[in-house]
Amino acid sequence: MHDLLLTPIVFLLTAVLLVPLAQRLGLGSVLGYLIGGCIIGPWSLGLIRNVELISHIAEIGVVLMLFLIGLELQPQKLLAMRRTVFGGGTLQMTACSIVLAGCGYVAGLPLIAALVAGITLSLSSTAIAMQSMQEKHFENTPAGQSAFAILLFQDMAAIPLLVIVPLLSVAGGSREADFNWLFAIAAVLAVLFIGRYVMRPALRLIARTGIREIFTAFALLLVLGIAQLMTLAHLSMGLGAFLAGVLLARSEYRKALETDLEPFKGLLLGLFFTSVGMSMNLGLLVDAPLKIFALTIGYMLIKMVLLALVASAMPVPAIQRWPVAGLLAQGSEFAFVVFAVARDARVLPEPWNEMLILVVAVSMALTPLTIIAGNWLAQKLHHPLRREADTIEPDGARIIIAGFGRVGQIVGRMLFASGIKVTVLDNDPDLIETSRRNGFHVFYGDATRLDLLHAAEAGKAVLLINAIDNMESSLKLTDIVKEHFPNLKIIGRARNVTHLFELRSRGVDLIERETFDSALRIGQTALEQMGIDSVTAEKAKVKFREHNLTTVDAIFPFFRDETKRISIAQTARDELAKSFEQDRIQLRKEEGRD
């Protein structure tokens, strides 16, 4: 019992300590699990030694991941993005696979092994890339959408790869005696039949019981049972799980299945990556560090160059091509799965398998550096700020808008419609191109640069609308304007109360909170939808607005004193609650309810 409990305790403690730390450092959760595995595995502290047994259990995480990928793969989503997904994705994987496979063959790998390694290394980490895009608000740009399309195609391509690799050993005769093609075909047909005609009625019956844990148990039984069936047929467990997921993608139980299985998938997938870390031959990194790093750097450079070329054939602005390349230059989580399958099938020689796993892990660790390198290359090759700054020509505009995002665009359109000239500065190249196509005279430039403010004639302007989304940049611009253009009046856009306080402390009196008034209107509409008359709903909105503004004025002198600020805010909430209660009592009296 002692040993039985020790292993999960060590794993959970490692995950709880290292994964949040890796996330905080910008390395991603996958790398956190890998590092944890290296620390607790036999090559380091040796807290867990039965790595092979844990690896078999952890494969369930991969199976659940493929099932959930199948659930999310809805035909209409693919149809909407078919050109970028299948066009850009195919081009990227083909180019990277051919070049990397050629490099592997020249380095001494057998042809089949080189092809498997090349295709596998052409994949990128969906978890790391998506997390980086979300952190940098990159996912909704044309470049971000193209990167997502490539990742989506890679996820789909990884599925047949997992199926084909074990069959390569069959083709070579190593498992011919064990493999029965008729049984394999029958197993796939059985999965399709179960998914099409059995799973939905069964899920419906289980759901009617109203017992949530039984529904979860049945979902696990379903996935594991199909995985076991595929194993008996000497096929990939992931193939069966993926097919089952696709067949349930349009089911009414899709969301419930995702919700119930996601925690199991997350922990077991974490266990898989931890087991990969435990099985890594760190002796190679100690014995030949230069070789490993040379292979990793060479691999990432080749991939970056090819990705930048592929991006030029996709709807990616020139300045964003190298950042996209840096974002996707690392190896994929699927590489660990494919290499494990290739090792078991004896397709990839063991020394190369160990070395390539290390290369993929190190490439993941270097992702923050490749993103920085991609941004640096973009700036060096395109010089967008210097070029655009020279094009700012004074046209008599007396208003400057800094930031042309969702707030700046609405303000700008109102002013343009009223015939008022405006000079607009923004540092998002994708947004600049879109705005210019729609007739807006917008200049690419960092509004916090003093030379650009002079070029925009800030000294002659009467009003600056500070609509910059980033709080730090917004405050920096305010400081520069207050110092160098003291007569220029500022209207500030505040993201939240803290931003409002910081602007007010710098002497900005005209401040609008971007979501405050819209939230009040939503609240008023909600009250009306619940049957409250429009006059009463309007009064509630006005009262809340007045009370909030009074509270903000009261808190402002103490906004850097957390204890005092919390105390005032609590008192204000209590007063507001009492005020609303008195209003409700008065309303009932007027309606004759008391």
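See the structure above.
Keep in mind that this is a model prediction, so the values were computed, not measured.

Undergrad: Let's hear about the sheet that holds strand β5 (residues 489-494): which residues, and what values?
TA: If you walk across this open sheet you meet the six strands as β3-β2-β1-β4-β5-β6, and the pairing is parallel. Single-partner strands in this sheet number two, and they are β3 (442-444) and β6 (510-513). Strand-to-strand twist in this sheet, taken as the mean axis angle between neighbours without regard to direction, amounts to 20°. Packing against the sheet, helix α24 (residues 497-505) makes contact with β5 and β6, and its axis sits at approximately 160° to β5.

Undergrad: Give me the lowdown on helix α5 (residues 82-106), citing residues and values where you can.
TA: With 25 residues, α5 extends 35 Å from end C-alpha to end C-alpha; this agrees with the ideal 36 Å at 1.5 Å per step. For α5, the complete set of buried residues consists of Val85, Gly88, Gly89, Gln92, Met93, Cys96, Ser97, Leu100, Ala101 and Gly104. Remark: glycine 108 follows α5 within two positions and exhibits a positive phi of approximately 115°.

Undergrad: Hey, could you go over the environment of glutamate 72 for me, with residue numbers and the actual values?
TA: For glutamate 72, the location among the structural elements is in helix α3 (residues 51-72). Sequence separation of glutamate 72 and alanine 249 is 177 residues, and the distance between their C-alpha atoms is 6.2 Å.

Undergrad: Requested: an account of the packing of aromatic side chains, with residues and values cited.
TA: Evaluated as defined, the whole model comprises one aromatic pair. A centroid spacing of 6.2 Å and a plane angle of 85° characterise the contact between phenylalanine 86 and phenylalanine 153, whose relative ring orientation is edge-to-face. Taken together, the residues phenylalanine 86 in helix α5 and phenylalanine 153 in helix α8 (residues 142-171) connect sequence positions 67 residues apart. Relative accessible area serves as the criterion here: at 39%, phenylalanine 86 is assigned to the partly exposed category. Taking the relative accessible area as the measure of exposure, phenylalanine 153 reaches 14% and is therefore buried. Directly above the ring of phenylalanine 516 sits arginine 513, whose terminal nitrogen or CZ lies 4.0 Å from the centroid.

Undergrad: Hey, could you go over a nonpolar patch on the surface for me, with residue numbers and the actual values?
TA: A cluster of nonpolar side chains, namely Ile35, Ile39, Leu45 and Leu47, defines an oily patch on the protein surface of about 340 Å² accessible area. Given a relative accessible area of 55%, leucine 45 falls into the exposed group.

Undergrad: Requested: an account of helix α25 (residues 516-529), with residues and values cited.
TA: The end-to-end C-alpha separation of α25 is 20 Å, in line with the 20 Å expected for 14 residues at 1.5 Å each. Restricting attention to buried positions, one finds in α25 the residues Phe516, Leu520 and Gln524. Down the axis, α25 shows its buried residues gathered within 75° of arc, on one side only. α25 presents Ile522 and Gln529 as exposed residues on the side facing more than 90 degrees away from its buried surface. In the core, the buried residues of α25 are packed alongside β6 and α26 (534-555). Glycine 531 occupies a position one or two residues after α25 and carries a positive phi of about 100°.

Undergrad: Please give an account of the pairing of strand β2 (residues 422-426) that cites residues and values.
TA: Buried residues dominate β2, accounting for five of its five residues. Neither face of β2 is open: one carries Val422, Val424 and Asp426, the other Thr423 and Leu425, and all of them are buried. In terms of strand pairing, strand β1 (residues 399-402) meets β2 through four bridges, oriented parallel. The residue bridging isoleucine 401 from the neighbouring strand is valine 424, located in β2.

Undergrad: Describe the nonpolar core, with residues and values.
TA: The nonpolar side chains of a soluble globular protein tend to be buried with one another. Leu34, Phe67, Leu257, Met280, Leu328 and Phe336 are the most contacted members of the largest nonpolar core, which has 122 residues in total. A total of 13 residues in this core trace back to one element, the largest contributor, which is α8. Filtering out sequence-adjacent residues up to four positions away, leucine 34 remains in contact with Phe273, Val276, Gly277, Met280, Phe336, Ala361 and Met364. Leu453, Leu500, Leu503 and Ile555 belong to the second largest nonpolar core, which has 27 residues in total.

Undergrad: Tell me what's going on with the pattern of salt bridges, and back it up with residues and numbers.
TA: For side chains bearing opposite charge, pairing can occur when the charged atoms are close. Per the stated rule, a full pass over the model turns up nine salt bridges. Put simply, arginine 449 and aspartate 451 hold a salt bridge, and the shortest N to O gap is 2.6 Å. For arginine 449, a relative accessible area of 25% translates into the label partly exposed. In this structure aspartate 451 comes out as partly exposed when scored by relative accessible area, which is 42%. Here aspartate 517 ties to arginine 545 by a salt bridge, and the two come within 2.3 Å at their closest N and O atoms. Taken together, the positions of aspartate 517 in helix α25 and arginine 545 in helix α26 put the pair 28 residues apart, joining distant regions of the chain. Among the charged side chains, a salt-bridge network with shared partners connects Asp469, Arg493 and Arg495.

Undergrad: I'd like a rundown of the packing of helix α2 (residues 29-40) against helix α12 (residues 254-279), residues and numbers included.
TA: Closest axis-to-axis distance for the α2/α12 pair is 7 Å, and the angle between their directions is 50°. As summarised for this structure, α2 and α12 are arranged oblique, according to the angle between their axes. When you trace α2 past α12, the crossing you get is right-handed. On α12, the residues that touch Val30, Tyr33, Leu34, Gly37, Cys38 and Ile40 of α2 are Gly266, Gly270, Phe273, Thr274, Val276, Gly277 and Met278. In terms of residue class, the contact of α2 with α12 is built from eight nonpolar, five polar and no charged.

Undergrad: Please provide a residue-by-residue account of the side chain of asparagine 466, values included.
TA: Checked against the element boundaries, asparagine 466 lands in strand β4 (residues 463-466). Overall, the relative accessible area of 1% leaves asparagine 466 in the buried class.

Undergrad: Lay out the environment of methionine 93 in plain terms, naming residues and giving numbers.
TA: The residue methionine 93 is located in helix α5 in this model. Placed 57 residues apart in sequence, methionine 93 and isoleucine 150 show a C-alpha to C-alpha distance of 8.6 Å. Residues in contact with methionine 93, not counting those within four places in the same chain, are Ile119, Ser122, Leu123, Phe153, Gln154 and Ala157.

The rules behind each value
Residues numbered from 1 in each chain as written. Predicted model: local features only at pLDDT ≥ 70, side-chain atom pairs only at ≥ 80, totals over all residues. Heavy atoms only, no water. Pairing = 2+ DSSP bridges. Helix = DSSP H or I, 4+ residues; strand = E, 2+ residues; numbered from the N terminus. Axes fitted to C-alpha atoms, helices over the stretch in contact; angles between N-to-C directions. Contact = heavy atoms within 4.5 Å. Expected span 1.5 Å × (residues − 1). Buried < 20%, exposed > 50% of the residue type's maximum accessible area, 1.4 Å probe, protein only. Phe/Tyr/Trp six-rings, centres within 6.5 Å; stacked < 30°, edge-to-face > 60°. Lys NZ or Arg CZ within 6 Å of the ring centre and 35° of its normal. Patch = residues over 30% accessible without salt bridge, like charges linked within 9 Å, V, L, I, M, F, W, Y side chains within 5 Å. Areas by Shrake-Rupley, 256 points an atom, 1.4 Å probe, with all protein chains shown as cover. Salt bridge = Lys/Arg side-chain N within 4 Å of Asp/Glu carboxyl O. Arc of directions from axis to C-beta. Core = buried A, V, L, I, M, F, W, Y, C linked by side-chain atoms within 4.5 Å. Parallel < 35°, antiparallel > 145°, perpendicular 65-115°, else oblique. Left-handed = near helix turned anticlockwise from the far one by under 90°. Nonpolar A, V, L, I, M, F, W, Y, C, P; charged D, E, K, R; others polar.

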